[in-house]
Amino acid sequence: MANEGSPLSQTFTATIDAAAANADSSGAYITCPYAGTVTLAEIIASAAITGADTESRTFQLHNRGLAGIGTVLVASKAFVNTVNAVADDNTALTLSATAANLVVAAGDVLEFTSLHVGTTGLAGPKAQGRVTISRTSGA
């Protein structure tokens, strides 16, 4: 059997760079080693994030595909009023409700981004992006 020693589910990490309140951060990449389904996406922020309605921050996970240019939104979390993150703790992103958006192929590039929302947004702390992928049977 080809992947006899491979785990059925595995978590991969990427470092999301800090961003000033009026800036974005991108380039936190994970390359999928096998076909599967994303079952969890989360961040672990190095500092607390206190959400706000007018000026906020959104963390997203996109599937950029094999060529690295795709736009499929896999998961996201908007840090708006009452939506916060505790420093050094796992904060789950909301997975897409579209099942097809959670499917990945071997070699697909996943990218975490941290985007400011509003004129200035909130500062984005450095964070660890984590994604768990369940391997497709036979992949």
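Not measured: the values here are computed from a predicted model. (Residues numbered from 1 in each chain as written. Predicted model: local features only at pLDDT ≥ 70, side-chain atom pairs only at ≥ 80, totals over all residues. Heavy atoms only, no water.)

A.B. asks: How would you explain the overall build of the chain if you had to name every residue and give the values?
C.D. replies: Across its full length, the chain carries zero helices and 12 strands. Traced from its N-terminal end to its C-terminal end, the chain shows the element sequence β-β-β-β-β-β-β-β-β-β-β-β. The globule rule puts the C-alpha radius of gyration for 139 residues at 14 Å, and the 15 Å found for the chain is close to it. Along the three orthogonal principal directions, the C-alpha set of the chain runs to about 50 × 30 × 25 Å. A buried classification covers 39% of the 139 residues belonging to the chain. Long-range pairs, those at least 24 residues apart, make up 79% of the contacts in the chain between residues at least 6 apart in sequence. (Helix = DSSP H or I, 4+ residues; strand = E, 2+ residues; numbered from the N terminus. Rg over C-alpha atoms; globule rule 2.2 N^0.38 Å. Buried < 20%, exposed > 50% of the residue type's maximum accessible area, 1.4 Å probe, protein only. Contact = heavy atoms within 4.5 Å.)

A.B. asks: Pulling in residues and values, what's your account of the nonpolar core?
C.D. replies: If you look at the biggest cluster of nonpolar residues, it comprises 27 residues, and the most contacted ones within it are L110, V131 and I133. Those elements that place two or more of their residues in this core are β1 (9-16), β2 (25-31), β3 (36-45), β5 (56-63), β6 (72-79), β11 (109-117) and β12 (127-135). Tallying contributions element by element places β3 first for this core, with four residues. (Core = buried A, V, L, I, M, F, W, Y, C linked by side-chain atoms within 4.5 Å.)

A.B. asks: How would you sum up the packing of aromatic side chains? Please name residues and give values.
C.D. replies: Under the counting rule described, the total for this entry stands at two aromatic pairs. Arranged with centres 5.9 Å apart and planes meeting at 85°, the rings of F59 and F79 form a pair that is edge-to-face. Of the two residues, F59 sits in strand β5 while F79 sits in strand β6, which places them 20 residues apart along the sequence. Classification of F59 by relative accessible area gives buried; the value is 0%. (Phe/Tyr/Trp six-rings, centres within 6.5 Å; stacked < 30°, edge-to-face > 60°.)

A.B. asks: Quick one: what's the story with the sheet that holds β11, residue by residue and with numbers?
C.D. replies: One open sheet accounts for five strands, arranged β2-β11-β5-β6-β9; its pairing is antiparallel. Each edge of the open sheet carries a strand with a single partner, namely β2 and β9 (94-95). Alignment of β6 against β9, held across two bridges, turns out to be antiparallel. Counterpart to S76 in the pairing with β9 is T94. (Pairing = 2+ DSSP bridges.)

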